Amino acid sequence: MLNIIEIKLQKGAKKAYLALDSIKQHDPAVNPLFVFKYYRFMSGEYFSLGKTDSSIMFAQKLLPILNEIGSPEELPAYYSLAYYTLSDIYYNQNNFLEAFKYLYMGKQVSGADHVALSEYNYRIGMILYRQGEYLLAARSFKDAAETYQKDSTFERIYRHQEVLANTGLGYGRAHQPDSAYIWFQKAINYIDAMAVSTNRPALFLGAKGVVLGNWGQVYAQEGELEKAIPLLKQSIAINDTSAVLADDAFSQKIKLARIYIQKQQLNLAKPLMRDIEKYKTAHPSLGAEIDWYSLLSAFAELEGDLTLSLASLKKAQTLKDAYLEQKKPLTYTNIVQQLRIIENRNNMLFLQRNNQQKNLYLFLTVVLVLLTLIILALIYFNWRKSKKAVANLNVLNRRIQLQAQELIAGNAEKDRLMRVVAHDLRNPIGSVLSLSRLLQSETGLSNNDRELLILIERSANDALLLIKEILESHQKRQNIKQPVNLRQLVEESTMVQRFSVDEKQQYLTTNLPKGEIEVYANREHLQRVLANLISNASKFSPEKSTIYVDLTSKAGKALICVKDEGIGISHNGRQPSIEELAFQNKSGTKGEQSFGMGLAICKKIIEDHKGRIWYQSSVNGTSFYVEIPLADHAV
């Protein structure tokens, strides 16, 4: 991206605008800082054209852009430039309060940034110069020059030569010519060096012309006319052909014409007068009109045209009075005093905000202390309350301990009775097992009789295993699990239960897969679960109903479903849990007695196998589901 000043000086304002606008419109990833520079450039262009509203519109967009990029601490130079741009516009409108306010704000955010400080000193110098405080202006320009030399950007380099020349001009107008000549020479030396180092000789030649013209003006002011003439001629020769610096050439022609008139060299003054009148007509301004009529009055007096001389003098004086009237608000405004007032006002606002903040902190402290006291009071009351509660809990704990001891004693008595019963049942069941095996050795038995004897043997054997477990229940041991063909186990269990089902004239239907379904389980425990579920289905189903036993596998799980066509499980809006069913003790459809512990035992067995058991019930029957992992998914 070309530097904005360079574009403007090389191509003119219109072409600079088109170039910058093209970059902004066609580059979607344009840097926000470029947009900042674009808006600042547009504000300056409208400012130079006298279109204040448009200039302010672009200037007011600068701060919102910077707020999105970073804080004033991160971008002090850019924030100060935004404030200075607004200050320049309000200053041009003679709204000095707003102008000085933004100037002060720019100084405040600049911190130690040398670029921002340079811009501040430059503007202070310009204001003091326009107020006629030339010596103070020279010192401000001098301070700006010392900080500008620390920056190597092209825009600051170009501004540096300007403040060097302005320092000389300030000393010159303050009638300190020796200091003025030193600073003018510094400006010329700097311009010559930068023209070579930046490789832009044409650009710096125009700046050199301006410095030569100011130097010539100081010579003329001090009466050294012969030294002033060649410098003014050089300045005019350099800038007379430049559209950008034509105003400066016009100013130098007025100074040179005034010298020729002072020396009564009217033949040399006449061509300059024609050029001055032509430019003044094409570019009218109050300052140009004053200079023209003052010059014309002196010129006409030398030619002997006293009427024209007097009329021109009156015209010049009238215009000068109007100019001084316009300048009066600035003349009577003490910028140092105004900045001090603004600073004091800001300090007062800061103290007010600080005081409000302290009041807020004090209020919060009081609230915090009150809350602390309330919390301490609550802690104290809760401590006393909890102390009573602990005492009550100790009493209840002792009661529980006594009840626990009674329960332990009761459980021990119950276990003893169960072992006695189980021990007494072992002998008759053992006899049944021995007789079934003995009968199987007899010849001449039919196949049906042999199958019945086998079922008797298995049932008696399972009963003996159950008795054995009851007798050994007081000993802690793990269930022995092994691979079990679940299809075969379901088939055998349904065969054993078929006889009890037949007694109620019910039908037992199985739906088993063709292949094996292998699980890792305790075979006897799973047989007990199936026996209990089928027995319950028969117990709570009417005669001539059907009981369905299905076995499937899916997603690493085996699923057993025992479904009946019985009376269902009644509930009042909420389905009872398995544990709640265990304590209902309902009688069967033919008055069969229920001890209520079967389902609870089933749930414990299935959970030991990392599975789950649940049911679904309606008026048309109940379905119990048992799900356990397959052998290759067991953990």
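Residues numbered from 1 in each chain as written. Predicted model: local features only at pLDDT ≥ 70, side-chain atom pairs only at ≥ 80, totals over all residues. Heavy atoms only, no water.

**Quick word on the overall build of the chain**
Item 1. Tallying secondary structure elements over the chain gives 23 helices and 7 strands in all.
Item 2. Among the 635 residues that make up the chain, the fraction classed as buried is 39%.
Item 3. A separation threshold of at least 6 residues defines the contact pool for the chain, and within that pool the share at least 24 residues apart is 64%.
Item 4. On the chain, roughly 36,800 Å² of surface is accessible, and the fraction owed to carbon and sulfur atoms is 55%. (Helix = DSSP H or I, 4+ residues; strand = E, 2+ residues; numbered from the N terminus. Buried < 20%, exposed > 50% of the residue type's maximum accessible area, 1.4 Å probe, protein only. Contact = heavy atoms within 4.5 Å. Areas by Shrake-Rupley, 256 points an atom, 1.4 Å probe, with all protein chains shown as cover.)

**Describing the sheet that holds strand β6 (residues 612-618)**
Two orientations exist for strands paired in a sheet by backbone hydrogen bonds: parallel and antiparallel.
Item 1. Pairing is mixed in the open sheet, where 5 strands are placed in the order β2-β4-β5-β7-β6. In the strand order of this sheet, the two ends are held by β2 (507-511) and β6, each with one partner. Between one strand and the next, the sheet's axes are offset by a mean angle of 15 degrees, whatever the strand orientation.
Item 2. Pairing between β6 and strand β7 (residues 621-629): 7 bridges, direction antiparallel. When the sheet's bridge partners are listed, Trp614 is paired in β7 with Tyr625.
Item 3. Where helix α20 (residues 486-503) meets the sheet, it contacts β2, β4 (546-554) and β5 (557-563), and its direction lies at approximately 175 degrees from that of β4. (Pairing = 2+ DSSP bridges. Axes fitted to C-alpha atoms, helices over the stretch in contact; angles between N-to-C directions.)

**Examining the packing of aromatic side chains**
Item 1. Here the structure, examined in full by the defined rule, presents 17 aromatic pairs.
Item 2. Seen in terms of ring centroids, Tyr129 and Tyr134 are 5.0 Å apart; in terms of plane orientation they differ by 70 degrees. Their pairing is edge-to-face. An identical accessibility class is assigned to Tyr129 and Tyr134; each is buried.
Item 3. Measuring from ring centre to ring centre gives 6.3 Å for Trp215 and Tyr219, while their planes differ by 10 degrees; the resulting arrangement is stacked. (Phe/Tyr/Trp six-rings, centres within 6.5 Å; stacked < 30°, edge-to-face > 60°.)

**As for the pairing of β5**
Item 1. In the sheet, β4 pairs with β5 via 7 bridges, with the strands oriented antiparallel. Residue pairing in the sheet places Val549 in a bridge with Val562 of β5.
Item 2. Connecting β4 to the next strand, β5, in antiparallel fashion are 2 residues, including Ala555 with a positive phi near 55 degrees.
Item 3. In terms of strand pairing, β5 meets β7 through 7 bridges, oriented antiparallel.

**What about the packing of helix α3 (residues 32-48) against helix α6 (residues 76-92)?**
Item 1. Following both chains from N to C, one finds α3 and α6 inclined at 15 degrees, their axes separated by 11 Å at the closest point. Taken together, the axes of α3 and α6 are roughly parallel relative to one another. Read as a crossing pair, α3 and α6 show a hand that is left-handed. Across the interface between the two elements, Leu33, Phe36, Lys37, Arg40, Ser43 and Phe47 from α3 touch Tyr78, Leu81, Ala82, Thr85, Asp88, Ile89 and Asn92 from α6. (Parallel < 35°, antiparallel > 145°, perpendicular 65-115°, else oblique. Left-handed = near helix turned anticlockwise from the far one by under 90°.)

**Some words on empty space enclosed by the protein**
Item 1. Inspection of every chain in the model, using the stated rule, returns 1 cavity of 30 Å³ or more.
Item 2. As a volume, the largest cavity reaches approximately 50 Å³.
Item 3. Secondary-structure elements contributing two or more residues to the lining of the largest cavity are α20 and α21 (523-539).
Item 4. For the lining of the largest cavity, the leading source of residues is α21, giving 3 residues.
Item 5. Here the residues of the lining of the largest cavity sort into 8 nonpolar, no polar and no charged. (1 Å grid on protein atoms, 1.4 Å probe; cavity = no way out; pocket = protein on both sides within 12 Å on 5 of 7 lines; lining within 4 Å. Points joined across faces, edges and corners; volume = space filled by probe spheres on them. Nonpolar A, V, L, I, M, F, W, Y, C, P; charged D, E, K, R; others polar.)

**A closer look at the confidence of the model for the chain**
Note: predicted coordinates in regions of low pLDDT should not be interpreted at a detailed level.
Item 1. Summing up the model confidence of the chain, the mean pLDDT is 81 and the portion of residues at 70 or higher is 84%.
Item 2. Ranking the helices and strands of the chain by mean pLDDT puts β5 first, with 94, and helix α1 (residues 4-11) last, with 44.
Item 3. The model gives residues 1-13 a pLDDT under 50, and that stretch makes 27 contacts with residues more than four places away or in other chains.
Item 4. Low pLDDT, under 50, characterises residues 474-478; the stretch is placed with 3 contacts to residues that sit more than four places away or in other chains. (pLDDT = per-residue confidence, 0-100.)

**So, the pattern of salt bridges**
Charged atoms that come close allow side chains of opposite charge to pair.
Item 1. Applying the stated criterion to the full structure yields 18 salt bridges.
Item 2. Residue Arg123 pairs with Asp88 through a salt bridge whose shortest N-O separation is 2.9 Å. Of this pair, Arg123 sits in helix α8 (residues 114-130) while Asp88 sits in helix α6, and the two are 35 residues apart along the sequence.
Item 3. For Glu303, the salt bridge goes to Lys270, with nearest N and O atoms at 3.7 Å. Of this pair, Glu303 sits in helix α16 (residues 286-303) while Lys270 sits in helix α15 (residues 266-282), placing them 33 residues apart in sequence.
Item 4. The partly exposed category is assigned to Glu303, whose relative accessible area is 43%.
Item 5. Residue classification places Lys270 among the partly exposed residues on the basis of a relative accessible area of 38%. (Salt bridge = Lys/Arg side-chain N within 4 Å of Asp/Glu carboxyl O.)

**Some thoughts on a nonpolar patch on the surface**
Item 1. Taken together, the side chains of Leu362, Val366, Val369, Leu370, Leu371, Leu373, Ile374, Ile375, Leu376, Leu378 and Ile379 define a hydrophobic patch exposed on the protein surface, amounting to about 1,000 Å² of accessible area.
Item 2. Structurally, the position occupied by Leu373 is in helix α18 (residues 335-440). (Patch = residues over 30% accessible without salt bridge, like charges linked within 9 Å, V, L, I, M, F, W, Y side chains within 5 Å.)

**Here we look at the packing of α3 against helix α5 (residues 62-69)**
Item 1. Two elements in contact, α3 and α5, have axes separated by 10 Å at closest approach and are oriented at 170 degrees. The orientation of α3 with respect to α5, classified from their angle, is roughly antiparallel. Facing Pro32, Leu33, Val35, Phe36, Tyr39 and Arg40 of α3, the residues of α5 in contact are Leu62, Ile65, Leu66 and Ile69.
Item 2. Its residues assigned to classes, the contact of α3 with α5 comprises 9 nonpolar, no polar and 1 charged.

**Notes on the environment of Arg498**
Item 1. Note on placement: Arg498 falls in helix α20.
Item 2. Judged by its relative accessible area of 30%, Arg498 is partly exposed.
Item 3. One polar contact links the side chain of Arg498 to the main-chain carbonyl oxygen of Leu508, over a distance of 3.2 Å. (Polar contact = N/O pair within 3.5 Å; in protein donor to acceptor, adjacent residues only side chain to side chain.)

**Some words on the pairing of β4**
Item 1. Two strands pair when backbone bridges link them, and β2 and β4 are joined in this way by 5 bridges, in the parallel orientation. Opposite Leu508, over in β4, you have Ile547 as the bridge partner.

**Topic: the side chain of Thr622**
Item 1. Looking at the element boundaries, Thr622 is found in strand β7.
Item 2. Owing to a relative accessible area of 5%, Thr622 belongs among the buried residues under this scheme.
Item 3. A polar contact is formed between the side chain of Thr622 and the side chain of Ser617, at a distance of 3.0 Å.
Item 4. Those residues in contact with Thr622, other than ones at most four positions away along the chain, are Val562, Lys563, Asp564, Gly568, Ile569, Tyr615, Gln616 and Ser617.

**Comments concerning α20**
Item 1. The first and last C-alpha atoms of α20 sit 26 Å apart over 18 residues, in line with the 26 Å expected at 1.5 Å per residue.
Item 2. Taking the largest bend as the criterion, α20 deviates by roughly 35 degrees, centred on Gln497.
Item 3. Buried within α20 are the following residues: Leu486, Leu489, Val490, Glu492, Ser493, Thr494, Gln497 and Val501.
Item 4. Where α20 begins, the side chain of Asn485 points an oxygen toward the backbone nitrogen of Arg487, at a separation of 3.2 Å.
Item 5. Where α20 terminates, the next one or two residues include Gln505, which has phi positive at roughly 55 degrees. (Expected span 1.5 Å × (residues − 1). Bend = angle between axes of the 7 residues up to and from the residue.)

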